[in-house]
Each structure stands twice: as C-alpha cells, then as structure tokens.
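# Structural characterization, general
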Amino acid sequence: MSASVPASVSSSRSLKIGIVGFGTFSQFLAKTMIKQGHSLRATSRTDYSQLCADMGIAFFSDVAAFLGADNDVIMICTSILSLSQVLRSMPFTALKQPALFVDVLSVKEYARDTLLQVLPEDSDVLCTHPMFGPESGKHGWRDLNFMYERVRVRDEETCSSFLKIFEIEGCRMLEMSCTEHDELAAKSQFITHTIGRFLSEMDIESTPIDTKGFEALVQLRKNTESNSFDLFSGLYIHNRFAKQELKNLEFAFEKLKHKLLKRNDEEQEVNQ
Ligand SMILES: NC(=O)c1ccc[n+]([C@@H]2O[C@H](COP(=O)([O-])OP(=O)(O)OC[C@H]3O[C@@H](n4cnc5c(N)ncnc54)[C@H](OP(=O)(O)O)[C@@H]3O)[C@@H](O)[C@H]2O)c1
C-alpha cells in the first residue's frame, strides 16, 4: 500500500465519462466531475432523463447507444447485488473503441473478478473505492480516502486523468490490492455499517441529556440509514472477510454480556 503525492492540477485532461447506474452515489460523484469540466453521459435502470438534462448530462435508455457514445471511461456505479446481472446484459459489441472501465463498488475482489470475466479483453480495468459518500463528502473530499488498484491498464494516460479527478479534490490516494482492501474494509467499514444497523434496529433516538458519545451514535445511525439496505447486504454477501467479522461481533457481544452477568452475580453475593 502506498499514499501517492497529489499530481498537478493543471495537467488534467477533460474526459468523456459514461456512468452505468445513476443512483445516489453516482449523482454525488457527477457533480464534482462536471465542476472539473468532464463531459458526462449516463444510463440506468430508472429513467433519469429529466434529472440528467437539469445537470447537463446526456441520458441514454438504450444501452447499446450509450456504449457507442465514444466514452473514454465507463464508470460502473450499480449496486453490488446487481453488478453481475447489469454487466452481463450489456451489449459490449456496441463499444466504438476500447475504454477504461472503472468500478466504484464498496467490495473489490468481487468487482474485479466480475469485470475481468465479463468485459472484452481489450478493455482496461481500474478498480476503485472512494471511501466516502454524499454525507461524509458533502463539504468536499479533502483528506478523504480513495482506494484503487490498476487491475489491467494499458492506456496509462486515461487512467491517470481519471485518478486526477480525486487527487485534485485532495483525496488521500491509496493504491492497494482488492484483497487487501476487502480485508481492511471488513474490519472497518462493514463493522461501522453493522453497528449502525444494530442501532437502527434498536431505534435509538436523541434524548435531552445526550453525551457526546451518544450524539455520535445517533449520527452513526442516521448516516447508516442514508445508505440502501442493498449496499449493506452487498458488503456482507460479496466480501469473503465480512463473515468472520460478523462472527467476531457476535462473539464479543456474548463475551461482554457474560462478563457483566458474572460481575452482577458477584456483587449480589457480596451484598447478601
Ligand atoms: N453510497 C455511498 O456512500 C458509496 C460510497 C462508495 C461506493 N459506493 C458504491 O456505489 C454503488 C452505488 O451505491 P448507491 O449508494 O448509489 O446505492 P446502491 O443501492 O448500492 O446502488 C444503487 C444503484 O444500483 C442500481 N441498481 C440497483 N439494483 C439494480 C438492478 N436490479 N438492475 C439495475 N440497476 C440496479 C440503481 O439503479 P437505478 O437508480 O436506475 O434504480 C442505482 O444506480 C454501490 O456499488 C456502492 O457500493 C457507494
């Protein structure tokens, strides 16, 4: 793993970026890409033609026409659970020329393997995970983590131009393998989402006497709920390291409960 020095802003090239899956997260990314002067087009299961028109983005309901639209980069932003189905239904023969395919899924081994299985061999592949979202990145992306692996890159110039989008915004650029990412993300992001969902199941609410710690928990619940349940499920189903982390959580909960009950019994004996 290495943190690289931000590249110069001036050498950035304007890219034609096609977005597959125009949901919450890609709409969030698109705003910054437009601000930087890139030209965007999108396709999605849902008809986003009005929203896209408002944002100055060409929307294609016809996927073949989208693929034929001279994209330098095709950014895959579908849910983790729909990735395989979405990719396998795309008519790649409609591609005008080889493109750089970039995915932004929150699980990386699965995304890498699926992209390599499905995409034409002459397409380049860059796997990425911006470790932030519309909530944590609402005031800018400075110092937020951006993980990536150059999985199959021959056109270095296009790949660097794409990475520069995040460098320019001040992200911490972290080059690491998809496997290393999944192992670390299971121990950090998956735990965060699971605790957040847990607090949501408990329906925790702010009280008039909140401590700072509890305020943080209420905020965690809110942030977690702003993501789809599909996203959370994908973090578990398609990250092989998440299974063990869920077991670790269960084990830790039982261990802690046991310690408390034992201490409670000891206290009662002393006071009898
Ligand atoms: N939210 C974040 O903070 C964040 C951060 C980093 C990475 N990511 C990744 O970014 C991707 C998008 O995340 P998200 O937050 O926007 O929510 P999401 O629920 O993970 O994905 C929503 C997107 O998936 C598409 N989709 C879902 N089911 C589909 C199906 N059966 N067929 C075709 N398309 C389908 C939706 O299309 P329609 O909108 O057309 O229905 C929408 O574009 C995910 O892979 C996620 O892991 C998210």
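Residues numbered from 1 in each chain as written. Predicted model: local features only at pLDDT ≥ 70, side-chain atom pairs only at ≥ 80, totals over all residues. Heavy atoms only, no water.

## Notes on the layout of surface pockets
Threshold: Buriedness for pockets is judged along seven lines, at least five of which must meet protein on both sides within 12 Å for an open set on the 1 Å grid over protein atoms alone, while cavities are sets there where a 1.4 Å probe fits but cannot get out, and lining residues have an atom within 4 Å of a point. Grid points are joined across faces, edges and corners, and a volume is the space filled by probe spheres set on the points. Lys, Arg, Asp and Glu make up the charged group, whereas Ala, Val, Leu, Ile, Met, Phe, Trp, Tyr, Cys and Pro make up the nonpolar group; the residues left over, Gly among them, are polar. Where each domain begins and ends follows an automated or database-derived domain assignment. Working definition: helices are DSSP H or I runs of at least four residues, strands are E runs of at least two. Numbering for both runs from the N terminus.
Reported here for the largest pocket is a volume of approximately 1500 Å³. If you trace the largest pocket, you find 46 residues lining it, with T24, F25, N227, S228 and L231 closest to the centre. Considered class by class, the residues forming the lining of the largest pocket number 17 nonpolar, 26 polar and three charged. Looking at which domains feed residues into the lining of the largest pocket, each of domain 1 (11-176) and domain 2 (181-253) gives three or more. Taken as a whole, the second largest pocket encloses approximately 230 Å³ of empty space. Along its surface, the second largest pocket is lined by T194, I195, F198, L246, L249, E250, F253 and E254. Sorting the residues of the lining of the second largest pocket by element identifies α8 (189-201) and α11 (242-270) as the ones contributing at least two each. With five residues, α11 is the largest single contributor of residues to the lining of the second largest pocket. Its residues assigned to classes, the lining of the second largest pocket comprises five nonpolar, one polar and two charged.

## Examining the UniProt feature "domain: Prephenate/arogenate dehydrogenase" (unreviewed entry) in the protein
Using the following cut-off: UniProt positions are given in the numbering used here, feature names are shortened, and annotations may be inferred rather than shown by experiment.
Under the UniProt annotation, the feature "domain: Prephenate/arogenate dehydrogenase" (unreviewed entry) is placed at residues 15-272. A distance of 76 Å separates the end C-alpha atoms of residues 15-272, which is 50% helix and 15% strand.

## Remarks on a nonpolar patch on the surface
So the rule is basically this: Patch rule: a residue counts if its relative accessible area is over 30% and it has no salt bridge; like charges are joined within 9 Å, and nonpolar side chains (Val, Leu, Ile, Met, Phe, Trp, Tyr) within 5 Å. Reported accessibility uses the Shrake-Rupley method at a 1.4 Å probe radius. Residues are deemed covered only where the shown protein chains occlude them. When a carboxyl oxygen of Asp or Glu lies within 4 Å of a side-chain nitrogen of Lys or Arg, that pair is called a salt bridge.
A cluster of nonpolar side chains, namely F198, M202 and F253, defines an oily patch on the protein surface of about 340 Å² accessible area. In this fold, M202 is placed in the loop between α8 and α9 (212-225).

## Re the pairing of strand β8 (residues 145-152)
To keep things clear, this is the line we draw: A pair of strands is considered paired only if DSSP assigns at least 2 bridges between the two.
As paired elements, strand β7 (residues 124-130) and β8 share six bridges and run antiparallel to each other. Residue pairing in the sheet places T128 in a bridge with Y148 of β8. Pairing geometry for β8 and strand β9 (residues 172-175), over four bridges, is parallel. Bridged to Y148 within β9 is E175.

## Looking at the domain arrangement of the protein
For clarity, the threshold we go by: By definition, residues are in contact when any of their heavy atoms lie within 4.5 Å. What counts as buried area is the accessible surface, traced by a 1.4 Å probe, that two parts surrender upon association, with contributions from both included.
Here the protein is partitioned into domain 1 (11-176) and domain 2 (181-253). Here the C-alpha centre of domain 2 lies 26 Å away from the C-alpha centre of domain 1. Counting residues at the interface gives 13 residues for domain 1 and 17 residues for domain 2. Three residues, L81, E109 and E135, lead the burial of domain 1 against domain 2; their summed loss comes to 38% of the area buried on that side.

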